[in-house]
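# A structural walkthrough
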Amino acid sequence: MVTERYIVKGDDFQAAGSASSAMKQMLRGAGVPMEVIRRAAICMYEGEINMVIHARGGEAEVSFDGQEITMKLSDNGSGIENPQLALKEGWSTATDEIRGLGFGAGMGLPNMKRNSDDLTIESVPGKGTTIVMKIKV
Amino acid sequence: MTLSKVKELLGAEILCGESNMEQEILSACGSDMMSDVLAFVKEQSMLLTGLVNPQVMRTAEMMDMRCIVFVRGKRPDQPMLDLAESHGMVVMNTPLRMYPSCGRLYEAGLKGENA
């Protein structure tokens, strides 16, 4: 069982993706197949970008027990008012500035759901969001 | 198609990864929207884009891409190139716009999907 924790800094668009990059390296070291790592990387990176642009950053904990990858993302944001709506493709609350950076097409959460085997969202308005994604290896 | 051939077809300049130019790529994609690259791209190993920021490099890294071509003469800064180089990626830029860039590659046999 390997577990790593990554700090994601809010509003730091330059550094966004560094946690996902470190996770990729960790999973490669653990011998996870390339195509599974790519799915995990997409999930983690979409989540990391969301934490940076929407949620003032947070923490990611990734573990691999030899059979399953678990990614738990806990942010410092103000919560997602309607998680079901947020899972709909094209739904986005992103600003034009974020769109100018190449994100905010409303594909983030749907893409995380599509690339994971299981995704749960716990969100308390005013207190932040925790997303847990699992991928079988 | 080798990356050297891509360079020739696009009249491109190599910005980093010169020693990896003989590798073969089988397909490519073109987009300025990284959200869509992450959601729709499957096995494409080269990205053509007119968007310039560090997240272009990160997106390509997450998708295991081998090469990024910046169109419309866009030029990433050195930290972005360092990031790409640290992952063994080739980065080029071309003065061509997106549509003719994709057109030239497609016409020369590089398709959007793996055959």
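Provided above is the structure to which this section pertains.
What counts and what doesn't
- Sequence order as written defines the numbering, with residues in each chain counted from 1.
- Lettering of chains starts at A and numbering of ligands starts at 1, both following the order in which they are written.
- Where local features are concerned, this predicted model is filtered to residues with pLDDT of at least 70; where side-chain atom pairs are given and counted, the filter is 80 or more; whole-chain, interface and lining totals use all residues.
- By convention in this description, side-chain values take in all heavy atoms of the structure and omit both hydrogens and water.
- Secondary structure elements are taken from DSSP: a helix is a run of H or I of four residues or more, a strand is a run of E of two residues or more, and numbering for both begins at the N terminus.
- With C-alpha atoms as the basis for the radius of gyration, the globule rule is written as 2.2 Å multiplied by the number of residues raised to the power 0.38.
- Each residue gets one of three labels from its accessible area relative to the maximum for its type: buried under 20%, exposed over 50%, partly exposed in between, using a 1.4 Å probe on protein chains only.
- Surface accessibility follows the Shrake-Rupley procedure with a 1.4 Å probe radius. Residue values consider only the protein chains on display as shielding.
- His is not counted, nor are the chain ends, whereas Lys and Arg count as positive and Asp and Glu as negative.
- A single reference atom marks each charge: NZ on Lys, CZ on Arg, CG on Asp, CD on Glu.
- Contacts were defined at the residue level, with two residues in contact if any of their heavy atoms lie within 4.5 Å.
- Reported buried area values correspond to the accessible surface (1.4 Å probe) lost by two parts on association, with both partners' losses combined.
- Counted as salt bridges are all cases of a side-chain nitrogen of Lys or Arg within 4 Å of a carboxyl oxygen of Asp or Glu.
- Every axis in this analysis is a line fitted to C-alpha atoms, fitted for helices over the stretch in contact. Angles between the N-to-C directions lie between 0 and 180 degrees.
- With respect to orientation, any angle under 35 degrees is reported as roughly parallel, any angle over 145 as roughly antiparallel, any angle of 65 to 115 as roughly perpendicular, and every other angle as oblique.
- Throughout, a crossing is termed right-handed when the near helix is turned clockwise from the far one, and left-handed when it is turned anticlockwise from it by less than a right angle.
- In the scheme used here, Gly and all other residues not listed as nonpolar or charged are polar, with Ala, Val, Leu, Ile, Met, Phe, Trp, Tyr, Cys and Pro taken as nonpolar and Asp, Glu, Lys and Arg as charged.
- Definition of nonpolar core: a set of buried residues of the types Ala, Val, Leu, Ile, Met, Phe, Trp, Tyr and Cys, connected through side-chain atoms within 4.5 Å.

## So, the overall build of chain A
A tally of helices and strands in chain A yields five helices and five strands. Secondary structure of chain A in N-to-C order comes out as β-α-α-β-β-α-α-α-β-β. Relative to the globule expectation of 14 Å for 137 residues, the C-alpha radius of gyration of chain A, 14 Å, shows essentially globular dimensions. For chain A, the spread of C-alpha atoms along the principal axes amounts to about 40 × 30 × 25 Å. For chain A, the proportion of its 137 residues judged to be buried stands at 49%. Of the accessible surface of chain A, which amounts to about 6,700 Å², a share of 47% is contributed by carbon and sulfur atoms. Both charge centroids of chain A, one from 15 positive and one from 18 negative side chains, sit 3 Å from each other.

## A word on the interface of chain B and chain A
By convention, interface size is frequently given as the accessible area that disappears when the constituent parts associate. Each side of the interface is counted separately: chain B has 21 residues, and chain A has 24 residues. When chain B packs against chain A, the two sides together hide about 1,900 Å² of surface, and 53% of this comes from carbon and sulfur. It is Leu38, Gln55 and Met62 of chain B in chain B that bury the most area against chain A; as a group they hold 33% of the surface buried on that side. Our count for the chain B to chain A interface comes out at three salt bridges. Notably, a salt bridge pairs arginine 38 of chain A with aspartate 64 of chain B, separated by 3.0 Å at the nearest N-O pair.

## Thoughts on the packing of helix 2 (residues 34-54) of chain A against helix 5 (residues 108-115) of chain A
If you want to describe how two helices pack, look at the angle between their axes and the distance between the axes. All names here are of chain A. The interhelical angle for the contact between helix 2 and helix 5, taken along N-to-C directions, is 155°, at an axis separation of 9 Å. Between helix 2 and helix 5, the angle falls in the class roughly antiparallel. Along this stretch, helix 2 crosses helix 5, giving a crossing that reads as left-handed. Two secondary-structure elements touch here, helix 2 through Arg39, Ile42, Cys43, Glu46, Gly47 and Asn50 and helix 5 through Gly108, Leu109, Asn111, Met112 and Asn115. Here the contact of helix 2 with helix 5 is composed, by residue class, of four nonpolar, five polar and two charged.

## Re unusual backbone geometry
One non-glycine residue, arginine 56 of chain A, lies in the positive phi region at around 55°. Tracing the backbone through its elements, the reader meets arginine 56 of chain A in the loop between helix 2 and strand 2 (57-64). Positive phi is not limited to glycine here, since arginine 72 of chain B has a value of about 55°. Along the chain, arginine 72 of chain B falls in the loop between strand 4 (67-70) and helix 4 (78-86). Exposure remark for arginine 72 of chain B: the relative accessible area of 34% places this residue in the partly exposed category.

## Description of the nonpolar core
Counting residues in hydrophobic clusters, the biggest one holds 61 residues, and the most contacted among them are Leu27, Met44, Ile69 and Met71 of chain A together with Met57 of chain B. A total of 12 residues in this core trace back to one element, the largest contributor, which is helix 2 of chain A. When near neighbours in sequence (up to four residues on either side) are disregarded, methionine 57 of chain B contacts Ile68, Phe70, Pro76, Met80, Leu81, Leu83, Ala84, Met89 and Val91 of chain B. Core analysis: the second largest hydrophobic core is formed by 21 residues, Val6, Leu10, Ala12 and Leu48 of chain B among them.

## What to know about helix 5 of chain A
Counting buried positions along helix 5 of chain A gives six out of eight residues, so the element sits mostly inside the fold. Turning to helix 5 of chain A, its buried residues number three or more, namely Gly108, Leu109, Pro110, Asn111, Met112 and Asn115 of chain A. Looking at the buried side of helix 5 of chain A, the elements it contacts are helix 2, strand 3 (68-75), helix 3 (83-86), strand 4 (118-124) and strand 5 (128-136) of chain A together with helix 2 (34-40) of chain B.

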